[in-house]
Each structure stands twice: as structure tokens, then as C-alpha cells.
Amino acid sequence: MAAILFTLLILILSKSFVGTFSLGVGINYGQIANNLPSPSRVSILLGSLNISRVKLYDADPNVLTAFANTNIEFIIGLGNEYLRKMQDPQQAQIWIQQKVQPYISQTKITCITVGNEVLGGPDPQLPYYLLPAMKAMHQALLNLGLNSQVYVTTAHSLQILKTSFPPSNGAFRDEYVQYIQPILSFHAQSNSPFLINAYPYFAYKNDPKNVPIEYLLFEPNSGSVDPNTNLKYDNMLYAQIDAVYAGMKALGHSDVQVRISETGWPSRGDDDEPGATVGNAGIYNRNLLQRMQEGQGTPAHPSQKIDIYVFALFNENMKPGPTSERNYGLYYPDGTPVYNLGVQGYLPRMDYSSSGENGLCVFRLVVLIIGLVVFG
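Everything numeric in this text was worked out from a predicted model, so none of it was measured.

We now examine the overall build of the protein chain. Broken down by element type, the protein chain carries 12 helices and 12 strands. When each of the 376 residues of the protein chain is scored for burial, the buried share is 53%. Relative to all contacts within the protein chain whose residues are 6 or more apart in sequence, the contacts with residues 24 or more apart total 70%. Split by element, the accessible area of the protein chain, about 16700 Å² in all, is 50% carbon and sulfur.

Pasting the structure below:
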């Protein structure tokens, strides 16, 4: 323990550590794997990175307990399989009472995502249940006096767009408008954001010969100009965000904020997944983090700071689908970075303490001291 504390103190005094201490974005903490470190160890890693926002895909009590008193804000998730049941206000209230109330006094739960990529998903019945479930969850929060602390939303795939370029012509697919229109009204009334999972990588994967990879990776490139606004875009992600804003405006809503609930780049892929390399993944996320630290907005919304959750914290070895799906992580499960992000994180060993929770408390104290020293 003394050796580890000494190492952390050395890090405090390191100029490079001070200069690159914070990632400046939220992180998606997926757990579809059988080799991940315990939530208690992950809390130390995220604390060492000064990550203050985490998004889960469920409401794992082990995670919420492990992150108690860490001051990290959590988005928790309600899986698609529960949407039909959660249309019932009583069931929604029971869920809040079981999944939120026991933890919120010590763990900062700020948002519930009701479903993930429901529109355009494989189950054609789920869209009918989506908004009723969102409304039931919101009403349950109101009933329990938690609505000022926790908001309700859902995350969409970019597949909901029928037009994405030029960004000013952004429009939602006709078959989804009947669902999106009332969802936008719900967001406007409840002051909650519209979440989008945006992956420029997919554009390159689908058409590598005609999509310049530099435009996707935030690298120097000639960019593209929206002929309707004369605004220049030097990367695809910002164009995608503005296309969503345009689609919302076409439905009469300029009063809802767009946030990116997922974006990332795979470090490995199958033979038919061009561009999925460690080098490209590192470039994408390093450049993205730099822009987020600068507080950038998009060309059409320059004063609205972009809000992003990077996908994902770890590689997840049990995710189905192509190889890329298992290789979006910033870290391997042992805490080794997949590539250099310019930040230094620390994942304690499994035997870091002979006294269990006492050791965890000591680590949290050290991380707190680091934060105080670095940020004053």
C-alpha cells in the first residue's frame, strides 16, 4: 500500500500528469464481458482520469454502490426488453423505487435512458411503447420528488435520419416522424435532451473509396460546405449533429438540445471492416477529446458546447456481431490503454488491499487529494 501511495504522490508532482489530467468528456461503461475489473477498481480508474460523467446501459446496483460518494454523475439505462412493462405507471414507480431511490443519496444519478436505438431496431412493436414508457418514468420521478434531480430521455441511432447532407437539409425518416414529433414535445416540456449515437466510422466502413478518412478523424482536410448556409464543416461528426438539429427544426422544435450519447472508433475489425485500426482509433479519440476540451460548438450552433459520451471504457469480449463491436474500448480489461490518449489512468491491482473496503477508501482519498492539488 505504501508503495502505491508513493507512486500516486509522484504522479501528483508530475507536470505531464497535471497537464493531461482530465478527459473532458463522459464515458460509456459497458459490461458485456466476462473479464472486466470490479466496479470498485473501475471507480479508481475513472477517478484518476477525473472523469465526472458515466453512462450505463442498466442500473447495476454493484456499480452504483461502488461509486457512492465519488461525485461522478450517472446516466442509468432501462433496457428495451422492459419498455412494454414500463408503460404501466405503477411498474415505472416500482422500478424507480428499486433502482434509483436506494442509491441517489450517495451516487449522483442524473438521467434515465428509456431504451436504446428503439426506432429502426429489430422489434417493430417497441416504438409504440417508447414514449408511454418515458412518460411513465417521468411521472414516477415527479411522484417521488426526484424530477429536479433526474431527467428522462432515450438514445437514437443516426438511422432515424433520411437526409444528413447538407446538414441544413437534415430530415428524419418519414416512418419515424410519428414517434419523434411527440418525443420532441416531451423533451421540450421536461427540459431534457435528444440523444444520438453517432459513428462517423460507419460511413468509412460502408464506402471507404469515396469517403475521405481525414474528414472523419478530425485531421486536416478540405472539408465540405453547406450550399444553403455557406457554413464549412471540417469533420463529419459536427455535420451529423447539425443535421439532427435541422431535422428537429423541420418538426417545429428549436428548443431541445442534441447530445451525443455514443461516439467512438474501433481499434480492430474483420477483413471487411476497413479503417478499424489502433492508429485510427487513437487519432479519432485524441482529436475529439482536444476539441471537447476547447469547448467547441458546431458551425450552425457555435455557442452550444457539444456534449459527448465516448464509447467505450473497455473492450467487451462478449458483444455479438463483427469484431469491431468488441474493440471500441479505450482500455483493455487489465487497465492497459489500447492506445495513447495523452492521459494517465490508474487501475489498482486485484490485491491492492489486504483490508478490502478500507483500502478502497484510502484510494478514494488519494484520488480526492490529487484532484485538490491539480485543480486547486
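So that's the structure; there's more coming.
Structurally, the position occupied by Asn 235 is in the loop between strand S10 (232–233) and helix H10 (236–250). Residue Asn 235 is classed as buried on the basis of its relative accessible area, which comes to 0%. Side-chain polar atoms of Asn 235 contact the side chain of Asp 234, separated by 2.9 Å. When sequence neighbours within four positions are dropped, the list of residues in contact with Asn 235 reads Tyr 215, Phe 218 and Arg 291.

This paragraph deals with the pairing of strand S4 (residues 108–116). Of all the nine residues making up S4, seven are buried; the element is thus mostly covered by neighbouring parts of the structure. Sheet topology places strand S3 (residues 73–78) next to S4; six bridges connect them, and they run parallel. The residue bridging Glu 73 from the neighbouring strand is Lys 108, located in S4. Relative to strand S5 (residues 151–157), S4 is paired through four bridges, and the arrangement is parallel. Looking across to S5, one finds that Thr 113 is bridged to Thr 153.

Summed over all chains, the structure comprises 14 aromatic pairs. Between Tyr 201 and Phe 202, the ring centres sit 6.0 Å apart and the planes meet at 55 degrees, which makes this aromatic pair tilted. Phe 202 sits in the partly exposed class, given a relative accessible area of 32%. Between Phe 311 and Tyr 328, the aromatic rings sit 5.6 Å apart at their centres with planes inclined by 65 degrees, giving edge-to-face as the arrangement. Separated by 17 residues along the polypeptide, Phe 311 in the loop between strand S12 (308–310) and helix H12 (357–375) and Tyr 328 in the loop between S12 and H12 bring together distant segments of the chain. The exposure classification of Phe 311 matches that of Tyr 328, with both residues buried. Aromatic rings pair up to connect Tyr 57, Tyr 199, Tyr 201, Phe 202, Phe 218, Tyr 238, Trp 265, Tyr 284, Phe 311 and Tyr 328 into one cluster. One residue, Arg 53, lies across the ring of Tyr 309, its end atom 4.8 Å from the ring centre.

On inspection of all chains with the given rule, the structure shows two cavities of 30 Å³ or more. Reported here for the largest cavity is a volume of approximately 60 Å³. If you trace the largest cavity, you find it lined by Ile 241, Tyr 245, Val 258, Arg 259, Ile 260, Gly 297, Thr 298, His 301, Gln 304, Lys 305, Ile 306 and Asp 307. Elements with a contribution of two residues or more to the lining of the largest cavity: H10 and strand S11 (258–263). In terms of residues, the lining of the largest cavity owes the most to one element, S11, which gives three residues. Counted by class, the lining of the largest cavity contains five nonpolar, four polar and three charged residues.

This part takes up the sheet that holds strand S2 (residues 53–55). Pairing is parallel in the closed barrel, where eight strands are placed in the order S1-S2-S3-S4-S5-S8-S11-S12. Shown here is a sheet whose adjacent strand axes are inclined to one another by a mean of 25 degrees, direction ignored. Relative to S3, S2 runs parallel, the two being bridged by three bridges. Bridging across to S3, Lys 55 finds its partner in Ile 75. Packed on one face of the sheet, helix H5 (residues 89–99) meets S3 and S4 and runs near 140 degrees to S3. Contacting S11 and S12, helix H11 (residues 278–293) runs over the sheet at an angle of about 150 degrees to S12.

Cut-offs used in this document
- Residues numbered from 1 in each chain as written.
- Predicted model: local features only at pLDDT ≥ 70, side-chain atom pairs only at ≥ 80, totals over all residues.
- Heavy atoms only, no water.
- Helix = DSSP H or I, 4+ residues; strand = E, 2+ residues; numbered from the N terminus.
- Buried < 20%, exposed > 50% of the residue type's maximum accessible area, 1.4 Å probe, protein only.
- Contact = heavy atoms within 4.5 Å.
- Areas by Shrake-Rupley, 256 points an atom, 1.4 Å probe, with all protein chains shown as cover.
- Polar contact = N/O pair within 3.5 Å; in protein donor to acceptor, adjacent residues only side chain to side chain.
- Pairing = 2+ DSSP bridges.
- Phe/Tyr/Trp six-rings, centres within 6.5 Å; stacked < 30°, edge-to-face > 60°.
- Lys NZ or Arg CZ within 6 Å of the ring centre and 35° of its normal.
- 1 Å grid on protein atoms, 1.4 Å probe; cavity = no way out; pocket = protein on both sides within 12 Å on 5 of 7 lines; lining within 4 Å.
- Points joined across faces, edges and corners; volume = space filled by probe spheres on them.
- Nonpolar A, V, L, I, M, F, W, Y, C, P; charged D, E, K, R; others polar.
- Axes fitted to C-alpha atoms, helices over the stretch in contact; angles between N-to-C directions.

On their own, these measurements won't tell you what the molecule is for.
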